[in-house]
Number of protein chains: 2
Amino acid sequence: MTNRFERSLDIKNGRVDMTHGSGGRAMAQLIDQLFAKAFDNPALAEGNDQARLAIPAAGRLAFSTDSYVISPLFFAGGNIGSLAVHGTVNDVALSGAKPLWLSAGFILEEGFPLADLECIVTSMAKAAQDCGVQIVTGDTKVVEKGKADGVFINTAGVGLIEAGVDLSVHNIRAGDAIIISGTLGDHGVAVMAQREGLVFDEPVLSDSAGLNGLIEAMLASGVTLHALRDPTRGGLATSLNEMAQAAGVGMRLDEAAIPVRAAVRGVCEILGLDPLYIANEGKLIAFCPAQQAGKLLAVMRGHVHGHEAAIIGEVVEDDHAFVEMTTTLGGHRMVDWLAGEQLPRIC
Amino acid sequence: MTNRFERSLDIKNGRVDMTHGSGGRAMAQLIDQLFAKAFDNPALAEGNDQARLAIPAAGRLAFSTDSYVISPLFFAGGNIGSLAVHGTVNDVALSGAKPLWLSAGFILEEGFPLADLECIVTSMAKAAQDCGVQIVTGDTKVVEKGKADGVFINTAGVGLIEAGVDLSVHNIRAGDAIIISGTLGDHGVAVMAQREGLVFDEPVLSDSAGLNGLIEAMLASGVTLHALRDPTRGGLATSLNEMAQAAGVGMRLDEAAIPVRAAVRGVCEILGLDPLYIANEGKLIAFCPAQQAGKLLAVMRGHVHGHEAAIIGEVVEDDHAFVEMTTTLGGHRMVDWLAGEQLPRIC
């Protein structure tokens with residue numbers, strides 16, 4: 001689309017005002033000069049109120065959405081923009097789909113600096129490019145100062161599931177190995193550190209990343225994958241409980257096998273947090289028959305987003321759908337759902 | 001999904017708290033007992049982080065999104081929930097697609113009454129059923145009191161475009177008739193009245209409605225439709241300017257032909273508003289060759305959402321892409337883009 005307006009947005013010094021959400025000239029200017037420029041692709045450039053996208057054959061779609069309200073907006077290892085792409089790419093890819101297209105809906109608070117918005121939008125564009133997806137349609141709303149918190153972003157994602165791929169929580173069965181793709185707690189601790197102004201000797205970066213490449217490699221391995229899930233809000237503990245309940249099975253974990261960085265472990269000990277309940281944004285949990293777990297683990301370790309993957313437990317028959325753990329001291333404990341709130345606004 | 005928890009949500013007296021967004025037990029309870037119950041369908045009931053949806057054949061998707069931040073949340077003729085369904089159903093359907101699936105992302109402010117949320121969610125479910133679409137995937141976030149304004153909702157929508165259907169702003173050409181499906185300004189005036197506590201002898205209701213049934217009838221008529229658009233934020237004037245610019249044509253309107261309710265006209269005169277710039281949420285603008293406009297008009301008038309449809313102007317050659325209007329007094333005036341802000345947070 002050609003630039004509709006002679007005057008340029010003052011991105012360096014400008015701020016979002018109510019006219020940027022009015023549907024009029026200022027909104028069109030913001031869309032042209034910021035969003036359309038950063039996300040440039042043929043579907044978006046058509047300038048319709050919806051994207052039209054070609055589906056090559058009959059088959060199955062995966063469709064998912066998340067809103068992102070993380071605070072602070074910028075953190076070590078990412079910002080709300082890259083997170084909004086990675087999170088939804090992952091939710092689509094965890095079905096075994098190849099993620100292709102994202103929508104992006106922005107809710108902006110009046111007064112938000114355009115320079116910060118540009119930085120966020122640029123991160124989204126880069127994350128989308130890295131993941132091989134296009135942001136094909138979008139929306140911008142503005143609310144009065146004090147009625148939002150800088151910027152909230154919703155992304156929805158659509159992908160195609162190849163014939164024969166069948167990943168679902170309902171496929172999990174007793175005898176499956178439980179594999180985690182890497183260390184736990186990095187995202188939550190990085191965000192909390194930013195929020196609280198904590199400084200570490202060894203900086204902790206968010207693990208925010210698109211996992212579709214890793215998943216593609218896992219699907220190509222020939223291993224019988226049963227289910228994938230990402231342990232975001234509520235952490236590994238809550239994800240496993242949800243899955244155990246949905247699948248009607250129990251799970252047994254080995255605490256010593258669960259990878260956690262020393263720095264993350266240290267922060268958790270000081271603050272009384274449990275890494276099992278902390279959000280991750282670039283990790284997945286995989287379930288496959290135990291006899292194939294070694295092969296899957298090797299494939300995962302060969303990928304940049306899985307090089308610290310580990311087998312952390314097994315699925316057992318249990319009508320109560322309990323998740324239990326053998327601790328490093330050799331004892332046993334229940335791993336319950338997150339009951340209250342560990343860290344608010346982590347994604 | 002069976003109810004995972006013995007205790008019920010106290011919907012009558014309860015309020016949203018931060019644990020409802022934590023990813024833990026309280027969030028699962030809210031999802032099970034409110035969202036999943038209201039939106040019940042097979043894809044949602046699978047309990048995965050994404051919906052899996054069958055595409056019967058190769059073809060084209062339409063994909064669109066909108067966030068809804070309307071204030072107040074409840075207004076004469078609808079609420080944010082029904083609006084969030086209608087708006088996105090319409091954005092998908094205006095491509096000529098049959099809308100099938102929606103996602104729903106909720107951003108809730110801590111302290112928001114669960115009874116109000118239930119009312120909104122129930123309206124969404126009813127609107128979706130009326131439009132023949134399913135809400136197949138969703139997300140819930142909670143932010144601290146004062147960091148949002150009750151509830152914001154994002155919906156994204158996916159539909160299938162039948163072979164041979166080709167509606168796009170780029171198809172508009174000189175000689176096309178411009179048709180509006182009904183009266184202008186009802187939604188904006190209804191919301192403003194609610195906001196300002198205005199009372200009319202004749203109540204003005206929002207026109208919020210799903211237009212996919214009307215569009216289906218228009219497509220089935222055999223008329224060569226060139227493009228459809230809904231005049232939401234910025235109103236008819238801004239939509240036509242956007243389309244004129246994108247298509248590289250001019251437009252000439254006849255003010256006397258543009259339908260506006262007497263009550264809406266009265267409010268606009270008193271408050272100095274122009275109905276051409278006020279948002280509509282259940283109206284569409286259609287473009288087709290002038291010689292087929294009579295036939296299309298008859299089809300539209302035969303539908304409940306088009307019975308006040310009218311031919312309001314024509315497309316002309318104009319390199320400047322100006323939208324001009326013959327006024328009721330016989331003069332001519334430019335109809336410009338909305339430059340500032342007519343009514344904030346109207347959708």
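As the structure is a computational prediction, the values presented were derived from the model and not from experiment. (Residues numbered from 1 in each chain as written. Chains lettered and ligands numbered in written order. Predicted model: local features only at pLDDT ≥ 70, side-chain atom pairs only at ≥ 80, totals over all residues. Heavy atoms only, no water.)

Caption draft 1: Just the environment of A:Leu117, in detail. All names here are of chain A. With respect to the helices and strands, the residue Leu117 is situated in helix H4 (residues 114-131). Taking the C-alpha atoms as reference, Leu117 lies 37 Å from Ser168; in sequence the two are 51 residues apart. Sequence-distant contacts of Leu117, that is, excluding residues within four places in its chain, are made with Val16, Leu30, Leu34, Phe35, Phe106, Leu108 and Phe112. (Helix = DSSP H or I, 4+ residues; strand = E, 2+ residues; numbered from the N terminus. Contact = heavy atoms within 4.5 Å.)

Caption draft 2: Representation of the pattern of salt bridges in the model. The full count for this structure, using the stated rule, is 34 salt bridges over all chains. Here A:Arg345 ties to A:Asp149 by a salt bridge, and the two come within 3.0 Å at their closest N and O atoms. One end of the pair, A:Arg345, is in the segment after strand S14 (332-334); the other, A:Asp149, is in the loop between strand S6 (134-143) and strand S7 (151-161), with 196 residues separating them in the sequence. A salt bridge links B:Asp139 to A:Arg233; the nearest nitrogen and oxygen atoms lie 2.9 Å apart. You can see B:Asp139 sitting in strand S6 (residues 134-143) and its partner A:Arg233 sitting in the loop between strand S9 (227-229) and helix H7 (235-247), one on each of two chains. (Salt bridge = Lys/Arg side-chain N within 4 Å of Asp/Glu carboxyl O.)

Caption draft 3: Region of the structure containing unusual backbone geometry. All names here are of chain A. In this chain, Ser71 is followed by Pro72 through a cis amide linkage whose omega measures 0°. By the element assignment, Pro72 lies in the loop between strand S2 (59-68) and strand S3 (74-75). At Arg345, a position not held by glycine, the phi torsion is positive, near 50°.

Caption draft 4: Up close: the interface of chain B and chain A. If you look at the interface, chain B gives 83 residues, while chain A gives 83 residues. Taking both partners together, chain B and chain A bury about 6400 Å²; carbon and sulfur atoms supply 54% of that area. Remark: the boundary between chain B and chain A carries 12 salt bridges. Note that B:Asp49 is salt-bridged to A:Arg229, the shortest N-O span being 3.8 Å. Within the residue set of the side of chain B that touches chain A, elements represented by two or more residues are helix H1 (25-39), strand S1 (51-55), strand S2 (59-68), helix H3 (80-93), strand S5 (97-109), S6, strand S7 (151-161) and helix H7 (235-247) of chain B. For the side of chain B that touches chain A, the element with the most residues is S2(B), which contributes nine residues. Taken together, the residues that form the side of chain B that touches chain A break down as 36 nonpolar, 27 polar and 20 charged. In this sheet, S2(B) lies alongside strand S1 (residues 51-55) of chain A in antiparallel orientation, the contact comprising five bridges. Within S2(B), the position partnered with A:Ile55 by the bridge is B:Gly59. (Buried area = accessible area lost by both parts, 1.4 Å probe. Nonpolar A, V, L, I, M, F, W, Y, C, P; charged D, E, K, R; others polar. Pairing = 2+ DSSP bridges.)

Caption draft 5: Structural context of the sheet that holds S7(A). Taken in spatial order, the five strands of this open sheet run S6(A)-S5(A)-S7(A)-S2(A)-S1(B), and their pairing is mixed. In this open sheet, the two strands that pair with only one neighbour each are S6 of chain A together with S1 of chain B. Ignoring strand direction, the axes of neighbouring strands in this sheet form an average angle of 20°. Where helix H3 (residues 80-93) of chain A meets the sheet, its contacts fall on S2, strand S5 (97-109), S6 and S7 of chain A, and the angle it forms with S7(A) comes to roughly 30°. (Axes fitted to C-alpha atoms, helices over the stretch in contact; angles between N-to-C directions.)

Caption draft 6: Looking closely at the relation of the copies chain B and chain A. With an axial shift of 0.0 Å and an RMSD of 0.0 Å, the rotation relating chain B to chain A amounts to 180°. Classification of the inter-copy transformation places it as that of a two-fold axis. Mapped onto chain A, 100% of the interface residues of chain B again fall at the interface, so both copies present the same surface. (Least-squares fit on C-alpha atoms with pLDDT ≥ 70 in both.)

Caption draft 7: The domain arrangement of chain A, seen in detail. Residues and elements named next belong to chain A. Here the domain parsing of chain A yields domain 1 (18-161) and domain 2 (169-334). Look at where the C-alpha atoms of domain 1 and domain 2 centre, and you get two points 28 Å apart. Taken together, the contact between domain 1 and domain 2 spans 20 residues of the former and 21 residues of the latter. Between domain 1 and domain 2 lies a buried interface of about 1600 Å² when both sides are counted; carbon and sulfur atoms form 58% of it. (Domains from an automatic or database assignment.)

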